Amino acid sequence: SYVIDDSSRLTLMASVDDSQYQIPIDPSFPSTPQPNGTPWAGGPGGLPATALNDNQHEQNYYGVLAYQKSAGSLDFQVAGFARESGAHYTPDDIAATLDFNNGVATDENRRLYSGGIQGDASYTLGDNHTLRCGMMVLEEASSADTITTVFPTTADGNALGAAFPIIQNN
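So, here's what we can say about the structure.

Some points on the pattern of salt bridges
Move 1: All chains considered together, the criterion is met by 2 salt bridges.
Move 2: The shortest N-O distance in the salt bridge between arginine 111 and glutamate 84 comes to 2.9 Å. Highlighted residues: arginine 111 in strand 5 (residues 104-124) and glutamate 84 in strand 4 (residues 74-90), separated in sequence by 27 residues.
Move 3: Between arginine 110 and glutamate 108 there is a salt bridge whose closest N-O contact spans 2.5 Å.
Move 4: Arginine 110 sits in the partly exposed class, given a relative accessible area of 46%.
Move 5: Judged by its relative accessible area of 23%, glutamate 108 falls in the partly exposed class.

In structure tokens:
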């Protein structure tokens, strides 16, 4: 907070977070062969689940700038604010992830933005009466983009042919 004079103040609040996570894999999952039945390069036992390295990158930012003023019987505040958040999940080796996730491997990128302005005021009319008002304007936008790689399958669920991506952008 910064005091401008005896009757007004400017306040800034902000936060930044940028985090990278490795998604833990349940080590009790059994090893799996490739879709064509041959073992992975790791040997005849197949690829262990712990060999996967799925990751998520998260970012979160926000800021608020507020101005407060008192002038006689009038008190008011106006504040602008913004927030942006995102999470991007990326699977490890697509073919291996397909095997451990029942034939589905998704790269997912989600974003959220919101921002706006808020204001409120009060005016003292006398010892028993105060007039108050306020307003807020908010804008929000979100997106979710995915690339989901899947195996074509037979009617009984067996992998049939090479995996292919399904792309969805919102």
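Topic: the side chain of serine 19
Move 1: Structurally, the position occupied by serine 19 is in strand 2 (residues 8-22).
Move 2: Excluding residues that lie within four positions of it along the chain, serine 19 makes contacts with Gln56, His57 and Glu58.

Observations concerning the sheet that holds strand 3 (residues 55-71)
Move 1: Judged by pairing direction, the sheet is antiparallel, and its 7 strands sit side by side in the order 1-2-3-4-5-6-7 without closing on themselves. Looking at which strands have only one partner, the edges of the open sheet turn out to be strand 1 (2-5) and strand 7 (164-169). For this sheet, the mean angle separating the axes of adjacent strands, direction not counted, is 10°.
Move 2: With 21 bridges connecting them, strand 5 and strand 6 (residues 130-150) associate as antiparallel partners. Looking at strand 6, one finds that arginine 111 is bridged to serine 143.

Definitions and limits used
Residues numbered from 1 in each chain as written. Predicted model: local features only at pLDDT ≥ 70, side-chain atom pairs only at ≥ 80, totals over all residues. Heavy atoms only, no water. Salt bridge = Lys/Arg side-chain N within 4 Å of Asp/Glu carboxyl O. Helix = DSSP H or I, 4+ residues; strand = E, 2+ residues; numbered from the N terminus. Buried < 20%, exposed > 50% of the residue type's maximum accessible area, 1.4 Å probe, protein only. Contact = heavy atoms within 4.5 Å. Pairing = 2+ DSSP bridges. Axes fitted to C-alpha atoms, helices over the stretch in contact; angles between N-to-C directions.

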